[in-house]
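Residues per chain are reported as follows:
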Amino acid sequence: MKNWVQHNKKNNTGNIRLKLLGLLACCTLGIAAYSQDFNLGVQSYQDGDYEVALSEFFPLGEQGNVIAQSYLGLMYENGQGVAQDYVKAAKWYRKAAEQGEAYAQNNLGLLYQNGQGVTQDYGEAEKWYRMAAEQGDARGQNNLGIMYDKGQGVIQDYGEAVKWYRMAAEQGDAYAQNNLGWLYQNGQGVIQDYGEAVKWYRMAADQGNAYAQSNLGWIYQNGQGVIQDYGEAAKWYRMAVEQGNARGQNNLGWLYQNGQGVTQDYREAAKWYRMAAEQGDAYAQNNLGWLYQNGQGVTQDYGEAAKWYRMAAEQGDARGQNNLGIMYDKGQGVIQDYGEAVKWYRMAAEQGDAYAQNNLGIMYDKGQGVPQDYRDAAKWYRMAAEQGNAHGQSNLGWLYQNGRGVTQDYGEAAKWYRMAAEQGNARGQSNLGGLFEIGQGVPQNYKEAVKWYRMAAEQGEAYAQNNLGGLYQNGQVVTQDYGEAAKWYRMAAELGDAYGQFKLGLLYYNGQGIPQNYVRAHVWFNLAASQGENDEYASMRDTVEGLMTPEQVAEAQRLAILWQPGTALNEWQ
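One structure accompanies this document, and this report is about it. (Residues numbered from 1 in each chain as written. Predicted model: local features only at pLDDT ≥ 70, side-chain atom pairs only at ≥ 80, totals over all residues. Heavy atoms only, no water.)

1. Side note on the overall build of the chain
When its secondary structure is counted, the chain shows 31 helices and 0 strands. The C-alpha atoms of the chain give 33 Å as radius of gyration, which overshoots the globular expectation for 573 residues (25 Å, by more than 25%). Over its C-alpha atoms, taken along the principal directions, the chain stretches across nearly 115 × 50 × 45 Å. In the chain, which comprises 573 residues, the share counted as buried stands at 53%. Long-range pairs, those at least 24 residues apart, make up 52% of the contacts in the chain with a sequence separation of at least 6. The averaged location of the 62 negative side-chain charges in the chain is 4 Å from the averaged location of its 46 positive side-chain charges. (Helix = DSSP H or I, 4+ residues; strand = E, 2+ residues; numbered from the N terminus. Rg over C-alpha atoms; globule rule 2.2 N^0.38 Å. Buried < 20%, exposed > 50% of the residue type's maximum accessible area, 1.4 Å probe, protein only. Contact = heavy atoms within 4.5 Å. Lys, Arg positive; Asp, Glu negative; His and termini not counted. Charge placed at Lys NZ, Arg CZ, Asp CG, Glu CD.)

Next comes the structure, spelled out in structure tokens:
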């Protein structure tokens with residue numbers, strides 16, 4: 001049987017490299033002693049008396065004073081004493097930058113990078129950053145490193161990024177220290193070295209850099225270069241969140257959701273996720289959606305879940321896209337729409353998300369939202385399976401077992417089922433047990449069949465429960481035991497499985513392993529027959545009904561109406 005699993009990836013919340021460009025709004029620009037008017041301008045600026053500062057700097061700037069020009073650029077950029085005007089900011093920065101003033105060169109580069117007051121031009125940004133960097137300006141060095149890191153205005157080159165980050169980091173620039181730590185953590189431009197990552201993150205974090213604090217928390221959470229310590233992780237995340245850092249808020253929420261380093265508290269998790277989500281953090285938006293979907297820390301609300309998943313998805317977050325696809329697939333919080341489900345699954349799958357790849361494979365397998373196409377199903381299952389996704393492995397095994405979209409190959413089926421089974425996937429375990437029972441792709445071995453069926457059955461896999469019940473009923477490998485057979489059939493029956501209900505009804509009918517009871521036999525036959533899978537189910541219901549009194553039939557019918565999947569007979573008798 002196929003495992004139609006749609007799995008929400010709960011988000012492995014990663015740290016993200018959040019890089020600020022290092023604009024220092026209150027910088028004195030390294031000013032030497034100038035005229036009395038100039039010194040008055042500087043003092044007024046530092047005192048927040050921007051009108052006086054502007055009146056002093058303006059004539060000096062017109063006269064060509066590079067420091068005054070830089071101040072004027074800064075004041076227009078930030079709207080200090082004047083209306084914010086990026087065009088005028090660019091004008092004054094350019095005047096100073098063309099005279100070789102490194103601070104102005106860096107800030108002019110920033111305007112070009114962001115398209116503020118000038119047409120966005122990464123090449124121009126890189127040019128001005130380089131001028132500042134080559135003068136030893138740490139901010140320019142960090143920003144030039146960012147251009148190489150992102151491949152903006154230059155060919156992406158992590159080695160060059162490392163070079164410029166290191167220059168700035170060694171001057172004590174916290175942003176560069178954080179960025180250099182990130183490259184060491186991920187082995188980009190350097191040999192991966194968590195110890196070095198920790199070193200640079202700590203330097204930046206100790207300076208109060210919120211991004212580094214969040215990243216250092218992630219290092220402790222995952223035990224990379226340090227002994228795993230959730231308490232330390234929480235400490236650093238908390239420092240970051242006190243500065244309003246969105247990723248720290250998300251990650252602190254994750255610790256509360258999972259009870260790592262703090263007492264598990266879904267309400268606290270929701271609080272921190274919401275703070276980060278409202279700042280636009282896609283990870284947090286996805287995670288908050290998950291809490292709404294499952295009613296953890298908030299009232300269950302599929303509409304809210306879909307809302308937050310959509311926000312994450314529209315930012316390109318693969319997990320949000322997959323989860324939004326699930327909402328459309330199930331019709332939770334939105335009108336069921338397989339076409340929309342396919343759209344979002346595909347977006348996530350093309351980013352390499354294994355859960356979405358498996359889910360997209362399911363859509364092709366079932367022909368929901370797309371024409372049924374087993375070849376495409378196999379393609380997407382394989383992508384997921386090769387990433388280690390157990391559901392994809394089990395589903396790919398099913399296609400090989402049945403020769404759908406691939407050449408039938410029981411050995412390949414067994415291979416993929418085993419991979420899934422060894423990860424604890426119940427359907428993979430159940431299907432592998434089936435191959436051992438029949439001897440397809442593996443030597444027939446009832447002991448192995450029993451082993452894998454039991455593993456799956458104990459996880460609530462109805463197919464395995466039925467098969468294990470059958471082995472006990474027939475005394476294959478295990479000692480014949482109708483009581484054990486009844487136990488496993490009952491588990492499947494109470495899950496709503498029609499075959500398990502029918503088999504349990506037969507044991508009640510015959511009094512095998514349990515006392516003979518026509519009322520209960522009728523109930524289970526009736527429930528099985530209502531699913532319309534097999535005419536034999538209705539036939540047995542009619543047979544036992546002929547042996548019952550009208551009162552017994554009425555009671556059996558009453559119980560069948562009251563029954564709900566997941567409940568035992570005694571609960572609704």
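Picking up where we left off.
2. Things to note about helix α2 (residues 50–62)
Across its 13 residues, α2 extends 18 Å between first and last C-alpha, which sits within 8% of the 18 Å expected from 1.5 Å per residue. Inspection of α2 places A53, L54, E56, F57, L60 and G61 among the buried residues, and these make up the whole buried set. The positive-phi residue at the C-terminal boundary of α2 is G64, with phi of around 100°. (Expected span 1.5 Å × (residues − 1).)

3. Quick look at the nonpolar core
Judged by nonpolar contacts, the single largest core of 169 residues is most densely connected at F57 and L504. Among the elements that line this core, the one with the most residues is helix α28 (residues 518–529), at 8 residues. Not counting residues within four places of it along the chain, the set of residues in contact with F57 comprises F38, G41, V42, Y45, A68, Y71, L72 and M75. (Core = buried A, V, L, I, M, F, W, Y, C linked by side-chain atoms within 4.5 Å.)

4. Let's talk about the pattern of salt bridges
Oppositely charged side chains can form a pair if their charged atoms are brought close together. Counted under the stated rule, the structure contains 17 salt bridges. The shortest N-O distance in the salt bridge between E126 and R130 comes to 2.6 Å. A residue pair is termed a helical-turn pair when its members lie 3 or 4 positions apart in one helix, as E126 and R130 do in helix α6 (residues 122–134) at 4 residues. Residue class for R130 comes out partly exposed when judged on its relative accessible area of 22%. Here D542 and R541 are joined by a salt bridge, their closest N and O atoms 3.3 Å apart. (Salt bridge = Lys/Arg side-chain N within 4 Å of Asp/Glu carboxyl O.)

5. Looking at the side chain of E461
Structurally, the position occupied by E461 is in the loop between α24 (446–457) and α25 (462–474). E461 gets classed as buried once you look at its relative accessible area, which sits at 8%. When residues no more than four places from it in sequence are discounted, the contact partners of E461 are A426, R427, S430 and A456.

6. A closer look at helix α27 (residues 498–510)
Along its 13 residues, α27 runs 18 Å from first to last C-alpha, staying within 8% of the 18 Å computed at 1.5 Å per residue. Burial of α27 is extensive: 10 of the 13 residues sit out of reach of the surface. Tucked into the core, α27 has its buried residues touching α25, α26 (482–494), α28 and α29 (535–545). Capping the start of α27, D497 holds a side-chain oxygen 3.2 Å from the backbone nitrogen of Y499, two or three residues further along. (Polar contact = N/O pair within 3.5 Å; in protein donor to acceptor, adjacent residues only side chain to side chain.)

7. Topic: the packing of helix α17 (residues 318–330) against helix α19 (residues 354–366)
It is at 10 Å that the axes of α17 and α19 come closest, and there the two elements cross at 30°. Viewed along their axes, α17 and α19 adopt a mutual orientation that is roughly parallel. With respect to the hand of their crossing, α17 and α19 are arranged in left-handed fashion. Together, N322, I326 and D329 of α17 and Y355, A356, N359 and M363 of α19 make up the contact between the two elements. (Axes fitted to C-alpha atoms, helices over the stretch in contact; angles between N-to-C directions. Parallel < 35°, antiparallel > 145°, perpendicular 65-115°, else oblique. Left-handed = near helix turned anticlockwise from the far one by under 90°.)

8. Details of the side chain of D497
Looking at the element boundaries, D497 is found in the loop between α26 and α27. The buried charged residue D497 lacks any salt bridge, with R427 as its nearest oppositely charged partner at 7.7 Å. At a separation of 2.7 Å, a polar atom in the side chain of D497 contacts the side chain of N466. With sequence-adjacent residues up to four places away left out, D497 is seen in contact with A462, N466, A492 and Q531.

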